[in-house]
Amino acid sequence: MAELECPTVMNKLIAYISSLLQRVAESNDLNPGFHPQKISAFHGLTRPTISIQSYLQRIFKYANCSPSCYVVAYVYLDRFTQQQPAISINSLNVHRLLITSVMIAAKFMDDMYYNNAYYAKVGGISITEMNFLEVDFLFGLGFQLNVNPTTFHNYCSYLQNELFLLPPPLNTEESSPSYKSRSTKLLHYEDDQQQQQEVIAV
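Remember, it's a predicted structure, so these values are computed and weren't measured experimentally.

> Just give me the short version of the pattern of salt bridges, but keep the residues and values in it.
If you walk through the whole model with that rule in mind, you get two salt bridges. Of the charged contacts in the structure, one is a salt bridge between Arg 96 and Glu 129, with a shortest N-O distance of 2.6 Å. Here Glu 129 lies in helix 6 (residues 127-141) and Arg 96 lies in helix 4 (residues 94-109), a separation of 33 residues in the sequence. Put simply, Glu 134 and Lys 107 hold a salt bridge, and the shortest N to O gap is 2.8 Å. Of this pair, Glu 134 sits in helix 6 while Lys 107 sits in helix 4; the two residues are 27 residues apart in sequence, bridging distant segments of the chain. Judged by relative accessible area, Glu 134 falls into the buried class, the value being 14%.

> An account of unusual backbone geometry is requested, with residue identities and associated values reported.
Positive phi, close to 55 degrees, is recorded for Asn 64, a residue that is not glycine. Inspection of the secondary structure assignment puts Asn 64 in the loop between helix 2 (52-63) and helix 3 (68-83). Looking at Asn 64, the relative accessible area reads 51%, which means it is exposed. Within the chain, Phe 143 stands out as a residue other than glycine whose phi angle is a positive 60 degrees. Its location among the elements puts Phe 143 in the loop between helix 6 and helix 7 (149-163).

The rules behind each value
Residues numbered from 1 in each chain as written. Predicted model: local features only at pLDDT ≥ 70, side-chain atom pairs only at ≥ 80, totals over all residues. Heavy atoms only, no water. Salt bridge = Lys/Arg side-chain N within 4 Å of Asp/Glu carboxyl O. Helix = DSSP H or I, 4+ residues; strand = E, 2+ residues; numbered from the N terminus. Buried < 20%, exposed > 50% of the residue type's maximum accessible area, 1.4 Å probe, protein only.

Below is the structure:
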């Protein structure tokens, strides 16, 4: 997806991912009894004042990781929600999940990347918490970090198609009541697992 190198496309991608995560978080906030929700290390005591879109834009501005990292981070979030169904994305954990997934994607994808202390500063958390979240996220993924070309292409194709659609407004009235999904799952994760078994991990 060479278009990711275009700043306009990246801005649209950031806006779309933010919109999706906000709808998922708000839906789960309004429907906490849909299934049991586990309080995890990613849960904060209060809802952050910064919006999801502003937070992801901040990460994009300061992380300086490759555009592909955001697609891979999106894949990781998808896998995490499937591997850990008791941990629903909501307004108390989405920011920490975002900063952690992007950091891990940058470490896995890029030859050069910032350390945990830098990401902690970007994300507005302590280095101790950043380190702990990284370990917790890795175990939550089962250390399945490899994203093979087929999976990457499938996610890119989906995102590319969605980028040409007008994203829904980010207000509570129009997003939460009608959005039924409880995860960021877009593709068949089970199929992805089968593909991963055929690819040697990097």
